[in-house]
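What follows is the residue order along each chain.
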Amino acid sequence: MQPLIAGNWKMNGVASQLHEIEAVAASVKATLPSTEVLICLPATLIAQAVLTAAGGISIGAEDCSAEISGPFTGDLSAEMLKDAGAGAVIVGHSERRQHYGETDAVVAAKAKAARRAGLLAIICIGETSAQRLAGNALSVCGDQIARSVPENMTASSAVIGYEPLWAIGSGQMPTSGQIIEMHAHIRDCLTQCLGAEGKKLRILYGGSVKPSNALSILSLPEVGGVLVGGASLKSADFLAICRAAPAMNPPNVNSQKEQ
Ligand code: PEP
């Protein structure tokens, strides 16, 4: 399984910072041509970033509407993001679940929209610190998988992002044992939901990934890549994480969507 190294700039970045994308894309093209790299950006930057990246990496979005078009002022459909050049979209990030009340049903509808538009959906799940301390981490994430992952998803239309909320932007990390246990559980849940296809979806780990811990995380069983927030904003840090990925022959998600 080809690992995916995905960045998430969140609500950061203006055009003058696209040199970071240029640096990542040029270096990946020249030195890591077999590593699958994606950076999800604010929608305002997508079209320009696709040109800047010049095929060296893929560019994605951070959220989409479940609707195709209509009276939804301020929203962007998956089709619009694809039109801007995105190859992927994050759905159900914990910041959207927390700040905008997005439920599993909303996340599933957005994942379906991504598939409809031909975008790779990065479907995020994860438990809070209180849920982990109460011993409920596995059941919480299992329920999120069951309710957020539509039944027709395939390995080429979706990946799962496991992001414990308490590890996001905090510098706190689960132990290797906790990541192994959770990713094995997510794999079981995916297989239950999707049958044989569920064995193929990549499961990304996200939460305080940085150059110093990327290699050990990527070496764990059932870790099919990483989702990187803060450390994706600086090309040097993000490239160091990309270099930790074992390289094979990647599909480029910006061209995958043409299939
Ligand atoms: C994220 O928000 O998806 C994330 C993983 O953030 P960070 O890497 O900064 O913890």
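Rules and cut-offs
Residues numbered from 1 in each chain as written. Predicted model: local features only at pLDDT ≥ 70, side-chain atom pairs only at ≥ 80, totals over all residues. Heavy atoms only, no water. Helix = DSSP H or I, 4+ residues; strand = E, 2+ residues; numbered from the N terminus. Rg over C-alpha atoms; globule rule 2.2 N^0.38 Å. Buried < 20%, exposed > 50% of the residue type's maximum accessible area, 1.4 Å probe, protein only. Contact = heavy atoms within 4.5 Å. Lys, Arg positive; Asp, Glu negative; His and termini not counted. Charge placed at Lys NZ, Arg CZ, Asp CG, Glu CD. pLDDT = per-residue confidence, 0-100. Near = heavy atom within 4 Å. Polar contact = N/O pair within 3.5 Å; in protein donor to acceptor, adjacent residues only side chain to side chain. Nonpolar A, V, L, I, M, F, W, Y, C, P; charged D, E, K, R; others polar. Axes fitted to C-alpha atoms, helices over the stretch in contact; angles between N-to-C directions. Parallel < 35°, antiparallel > 145°, perpendicular 65-115°, else oblique. Left-handed = near helix turned anticlockwise from the far one by under 90°.

(A) A look at the overall build of the chain. Looking only at helices and strands, the chain features eleven helices and eight strands. At 17 Å, the chain has a C-alpha radius of gyration in line with the 18 Å of a compact globule built from 259 residues. Counting across all 259 residues of the chain, residues that qualify as buried make up 53%. Put simply, 74% of the contacts in the chain that link residues at least 6 apart link residues at least 24 apart. Side chains of the chain give 19 positive and 22 negative charges; the mean places of these two sets differ by 3 Å.

(B) Seen up close, the confidence of the model for the chain. On average, residues of the chain carry a pLDDT of 95, and 95% of them reach 70 or more. With pLDDT under 50 throughout, residues 255–259 is counted as low confidence; its partners more than four residues away or in other chains account for seven contacts.

(C) Spatial organisation of the environment of Thr128. By secondary structure assignment, the location of Thr128 is in the loop between β5 (120–125) and α6 (129–133). The exposure class assigned to Thr128 is partly exposed, which follows from its relative accessible area of 28%. In the structure, Thr128 is positioned 37 residues away from Val91 in sequence and 18 Å away in space, judged by C-alpha atoms. Every residue in contact with Thr128, bar those within four places of it in the chain, is listed here: Leu165 and Trp166.

(D) Structural context of the site of the ligand. Around the ligand, the structure places 15 residues, and the nearest of them are Lys10, Glu163, Gly169, Ser208 and Gly229. Ser208 is positioned such that a nitrogen or oxygen atom in its backbone is 2.8 Å from an oxygen atom of the ligand. Between an oxygen atom of the ligand and a main-chain N or O atom of Gly229, the distance comes to 2.8 Å. Here the shell around the ligand is built from residues that sort into four nonpolar, eight polar and three charged.

(E) How the structure looks around the packing of helix α1 (residues 18–31) against helix α10 (residues 235–242). Interaxial distance between α1 and α10 falls to 9 Å at its minimum, and their mutual angle equals 30°. If you check the angle between α1 and α10, you find them roughly parallel. Considering how the two elements wind past one another, α1 and α10 form a crossing that is right-handed. Of α10, the residues touching α1 (which contributes Glu20, Ala23, Val24, Ser27 and Val28) are Ser235, Phe238 and Leu239.

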